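Chain by chain, the residues run as shown.
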Amino acid sequence: MPRKPTINLQVPADFDLRRDVCSYGYFLLAPNYWDPHSGTLWRVFSLSSGPLLAHIAQPKGAGEKLRVTLSGTLAAKVRTQFIQQIARMLRLDESTQQVRAFHRLDPRFKKAGRARLFRSPTLFEDIIKTVTSCNVQWPGTISMNKRLCEVVGNRISVTLLGTKAPTAHAFPTPQQLAKVRPATLRARCRVGYRDQRLVELARLFLRSPTRGGIDQVAMEDPATTDDALFKTLVALPGIGPYAAANIMQLLGRYARVPLDTESVRHGKSILGYTGTSAQVMKQVHMHFEQFKEQAFRSYWFEMWQHYESKHGPAWTWERDTTGRLFTAAHLK
DNA sequence: GGTAGACCTGGACGC
DNA sequence: GCGTCCAGGTCTACC
């Protein structure tokens, strides 16, 4: 069997693949496939050269290099693009100092080392995934992402590490999604009324910022204020206050907490708040204000800890069983 | 500025 | 197996 290309990737000293991949629900969404038995991640990446299957492991444990096995060789330029995508997804670009800053404000998570939140290799995928998580229960989000990959994304069928890969489709690119008819998305991907909005978002990614397109550089620029970014995000189709706040945390801005029905359940069951949903939401908001620019991480890891207390460590969750049930809606 | 209702799907439930 | 109800965030119309 021909040997597949491998990249050994240096990570920050605190990085733990099992803990840091399984830190946010997106690790359960296609095209990601977390294998709880081996503690490794499979994923098809969309690169300028086409789809590429990767298997990511950390064989020597936390803090040690990642071993990334690929389905094909990469030219130097594409290799750089690939490493940028992995770094974004795993938040390897977040420094140990930034992790310490979080633990200074909220020491509860210092011992476990929780700080990094898994996200997507691209902002485009993060935004589309956020829209598929709105106004739907978690199994619906899982289903929409799976179908989007299968119906619209590139397919790659290869054997890697002597086994058939558990994932064979890439996430759709903006170019691919922009060309799909909304009716096709609705009928085959079951995205419902989100059909037109998803296509419009993809088109906005293709359009230049000077012609009203999405200005990704400005969104990722630390000089852009939180308020300006929020205003830009809520102006996008399908993005309201909840989705905008969630996209902001995915961009590394943790001051705003995306409050939803899950937050209300958390406020009632864990924080002991009472009253109407609006009253509980207000109390949850005030509770997390104490964590200032780290509010979202405190909020999220508090909820995550609760999920794990019910279902065991997230890295043991199977996508098609526990992974479908982990939200508070199923913990009642 | 605040509120009500439609949007759409999948799951739960009753028959 | 079928019909009904409900959860979920965004958007629009209306007050």
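Residues numbered from 1 in each chain as written. Chains lettered and ligands numbered in written order. Predicted model: local features only at pLDDT ≥ 70, side-chain atom pairs only at ≥ 80, totals over all residues. Heavy atoms only, no water.

Trainee: Break down the layout of surface pockets for me, citing the residues and quoting the values.
Mentor: Put simply, the second largest pocket is a space of about 490 Å³. Lining the second largest pocket we find 21 residues, and of these Glu94, Gln98, Leu251, Gly252 and Arg253 sit closest to its centre. Its residues placed into classes, the lining of the second largest pocket shows six nonpolar, four polar and 11 charged. For the lining of the second largest pocket, the two domains that each supply at least three residues are domain 1 (6-253) and domain 2 (254-314). (1 Å grid on protein atoms, 1.4 Å probe; cavity = no way out; pocket = protein on both sides within 12 Å on 5 of 7 lines; lining within 4 Å. Points joined across faces, edges and corners; volume = space filled by probe spheres on them. Nonpolar A, V, L, I, M, F, W, Y, C, P; charged D, E, K, R; others polar. Domains from an automatic or database assignment.)

Trainee: Break down the nonpolar core for me, citing the residues and quoting the values.
Mentor: Formed by 56 residues in total, the largest nonpolar core has its most connected members in Phe27, Phe82 and Leu90. The element best represented in this core is helix 14 (residues 295-311), accounting for eight residues. A domain split of this core shows at least three residues from each of domain 1 (6-253) and domain 2 (254-314). Once residues lying within four places of it in the same chain are set aside, the contact partners of Phe82 are Ile7, Phe45, Leu47, Leu52, Ala54, Val68, Leu70 and Leu74. By size, the runner-up hydrophobic cluster in this structure holds 36 residues, among which are Leu233, Ile239, Ala243 and Ala244. (Core = buried A, V, L, I, M, F, W, Y, C linked by side-chain atoms within 4.5 Å. Buried < 20%, exposed > 50% of the residue type's maximum accessible area, 1.4 Å probe, protein only. Helix = DSSP H or I, 4+ residues; strand = E, 2+ residues; numbered from the N terminus. Contact = heavy atoms within 4.5 Å.)

Trainee: If you had to explain helix 2 (residues 76-90) to someone new, which residues and values would you point to?
Mentor: Between its terminal C-alpha atoms helix 2 stretches 21 Å, which fits the 21 Å expected from 15 residues at 1.5 Å a residue. At the C-terminal side of helix 2, Arg91 shows a positive phi close to 55°. (Expected span 1.5 Å × (residues − 1).)

Trainee: I'd like a description of the state of the cysteines, backed by residues and values.
Mentor: Put plainly, a disulfide is one covalent bond tying together the sulfur atoms of two cysteines. If you walk through the whole model with that rule in mind, you get zero disulfides. With no disulfide of its own, Cys22 lies 18 Å from the sulfur of Cys149, the closest cysteine sulfur. Cysteine Cys134 shares no disulfide, and the gap to the nearest cysteine sulfur, in Cys189, comes to 17 Å. (Disulfide = S-S within 2.5 Å.)

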